[in-house]
Amino acid sequence: MPLDRTEAVLTDPTLKSLVDAVVRKTEDGYRMASARGSIDFRRDGDGFEVVSQTGRPPVNDTVADRPDAGSEQADPWATLGNHATPYAFEHTAQFLDSEQAPDLAVLHTPSHRFHGNAGEHGSLGITQSRAPFIAAGPGVIKRGVVEEHMRMVDVAPTLAALLGCPKIDGVDGVGTPRSGVRLAVQDGTERSEMLDPDQRPEHVIVFLMDGTNNNALHAAIADGEAPNIAALAERGTAYRDGLIASLPTATLANHTTSMTGVHPGRSGILHNTWFDRSCGKSVDLLELESMMRACDHLRPDIETVHEALHRARPEAKSVSAFEYADRGSDWSTWAEFRSKRSVSSPGDEERRRHRHPEFGREPKYRYMSVIDAQSVHHAQRFWDGSQGEPPEFTFVNFSLTDDIGHFRGPHSDMTRAAITDTDARIGQLLEVVEASGRLDRTTAVVYADHGMQQVAEGEPVDLGAILLQEGIPHRMIDAQFVYLDAV
Ligand SMILES: [Zn+2]
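About the thresholds
Residues numbered from 1 in each chain as written. Predicted model: local features only at pLDDT ≥ 70, side-chain atom pairs only at ≥ 80, totals over all residues. Heavy atoms only, no water. Salt bridge = Lys/Arg side-chain N within 4 Å of Asp/Glu carboxyl O. Helix = DSSP H or I, 4+ residues; strand = E, 2+ residues; numbered from the N terminus. Buried < 20%, exposed > 50% of the residue type's maximum accessible area, 1.4 Å probe, protein only. Donors = N, O, S within 2.8 Å, 3.2 Å for Na, K, Ca; no water. Tetrahedral: all angles 85-135°; square planar, octahedral: opposite > 155°, others 65-115°. Pairing = 2+ DSSP bridges. Axes fitted to C-alpha atoms, helices over the stretch in contact; angles between N-to-C directions. Contact = heavy atoms within 4.5 Å. Domains from an automatic or database assignment. Buried area = accessible area lost by both parts, 1.4 Å probe.

### Section: the pattern of salt bridges
Per the counting criterion, the structure on display carries 26 salt bridges. Glu202 is the salt-bridge partner of Arg441, the closest N and O atoms lying 3.2 Å from each other. Here Glu202 lies in the loop between strand E12 (177-181) and strand E13 (203-209) and Arg441 lies in the loop between helix H16 (413-435) and strand E21 (442-447), a separation of 239 residues in the sequence. For Arg441, a relative accessible area of 32% gives the class partly exposed.

### Quick notes on the coordination of the zinc ion
Working reference: metal with six octahedral donors, ideal angles 90 or 180 degrees; metal with four tetrahedral donors, ideal angle 109.5 degrees. Looking at the zinc ion, the protein donor atoms are Asp210 (OD), Thr251 (OG1), Asp449 (OD) and His450 (NE2), and they sit 1.9 to 2.1 Å from it. The coordination sphere of the zinc ion comprises 4 donor atoms, whose angles at the metal cover 95 to 129°; the geometry is tetrahedral. Under the relative-accessibility criterion, His450 is labelled buried at 0%.

### Overview of the sheet that holds strand E23 (residues 475-477)
Sheet architecture is open: 7 strands sit in the order E4-E3-E2-E1-E5-E24-E23, paired in antiparallel fashion. Two strands close off the open sheet at either side, each with one partner strand: strand E4 (47-55) and E23. Neighbouring strand axes in the sheet, compared pairwise and without regard to direction, differ in orientation by 20° on average. As paired elements, strand E5 (residues 104-108) and strand E24 (residues 481-483) share 2 bridges and run antiparallel to each other. Paired with Ala105 across the strands is Phe481, a residue of E24. Contacting strand E1 (19-25), strand E2 (30-33), E5 and E24, helix H1 (residues 2-10) runs over the sheet at an angle of about 170° to E1.

### Section: the sheet that holds strand E7 (residues 130-131)
Where strands meet in a sheet, backbone hydrogen bonds hold them as pairs that are either parallel or antiparallel. Judged by pairing direction, the sheet is mixed, and its 3 strands sit side by side in the order E7-E15-E10 without closing on themselves. Of all strands in the sheet, those with a lone pairing partner are E7 and strand E10 (149-151), marking the two edges.

### So, unusual backbone geometry
Cis geometry is adopted by the peptide bond preceding Pro248, which originates at Leu247 and carries an omega value of -5°. Mapped onto the elements of the fold, Pro248 is located in the loop between strand E15 (242-244) and helix H8 (251-260). Although it is not a glycine, Lys340 adopts a positive phi angle of roughly 55°. On the secondary structure map, Lys340 appears in the loop between helix H12 (333-338) and helix H13 (348-352). Overall, the relative accessible area of 67% leaves Lys340 in the exposed class. The phi torsion at Ala479 lies on the positive side, around 60°, for a residue other than glycine. Tracing the sequence through the fold places Ala479 in the loop between E23 and E24.

### What to know about the domain arrangement of the protein
For the protein, the assigned domains read domain 1 (2-127 + 455-483) and domain 2 (130-454). Here the C-alpha centroids of domain 1 and domain 2 sit 27 Å apart. Taken residue by residue, the interface counts 48 residues in domain 1 and 42 residues in domain 2. Summed over both sides, the interface between domain 1 and domain 2 buries roughly 3600 Å², with carbon and sulfur atoms accounting for 49% of that surface.

### Some words on the pairing of E12
The pairing of strand E11 (residues 168-171) with E12 spans 3 bridges and is antiparallel. Bridge pairing in E12 links Gly170 to Arg178. The turn joining E11 and E12, which pair antiparallel and follow one another in sequence, is formed by 5 residues; a positive phi near 95° is taken by Gly175.

Structure below.
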């Protein structure tokens, strides 16, 4: 069997510093394997049952019930199994069930730079999957910082509840009927423990800080270097154990999950890049033209938060600044770009605002700072009184935190500066909201799409070349997805 042989080559002990685990389907279930052990599991009602296991399988926890805060830096190269792997069975299964899923996916160790970056994400381990989540304002109970976690699939239903979308009969991502959901297709659950049913905001503003490590953000809050987010955590609810992204813990996949409540394996947007078996072509949503049109791949029956809001309240206005999952928004940066309309740009002074004096000279830092300044500028135009009533729903995407996290690692001084600058941009928009007299009627939500893990020094190793040496023809996507049927 070519699949068995592929697994055997990639889980050979000689590659154990590179390959943390491989995941694949079996005849009646799923399998995770590493050089140290393996586990086979299958669906059993709403849950999963273990069919068999050998050695020390690369799973350690199917639930994220521990903060694991201090251990992250004490044991930065922890492999899966030593490292918590929250929701490992469910997140692996939903991914492999996709028709676009590879025959086998490699989860890389943090002991090498498979993309050449100092910080990385994409795998099941808690440092890569865990993002922050903080919300405050009307409709959010003041619980403070709680030792609890939530999941990326829970974000959209929770936002829809805050926006007053009624409970409806819907389905989950595989079509099983569900009643009392907020979105037409919904895998997640609204987080009622943080919602005050007696209050509802008039406006909801989301700030997504791409790729922000949960522990790094809370450290910045503790050090007084993210004062705007700290104030939100104090007057609302912050999930200290974080927001657990679905597999793959990557940008396009989890932005979409957060805006739809549907896992990546079911939404149509499986990852940043994949091989589309239906047309025999690779899809690369990191390429700018495709990125702008990411939602072309989103399943039509799924609702975004924008669409659910408009179903419930057709007159409501929503705005999406620099966000990929923008379908159904009334105004979106990407929609303007798609239509080749000229987009309002911030002036020089506004571009330079909130740019760290030293790190801002680094070209990568400067470039993404300008993009984020544009993002907040786009949202701000709808709040400064120049466009009539402000939107009911505003989504602002920030990318500096992810870019610098990859460049220097999640706990670097430069990433701390990116968090501080992003916090200041959040404060910039909230000041405009305050000036509009609507701050006490507005709920702000801050989260990220996935975590970020420090990666050891070392050159990338081409696993595809190793498979070819072993006589296994395949197509390798993004150095991790192996398609045996798409050569
Ligand atoms: Zn991301």
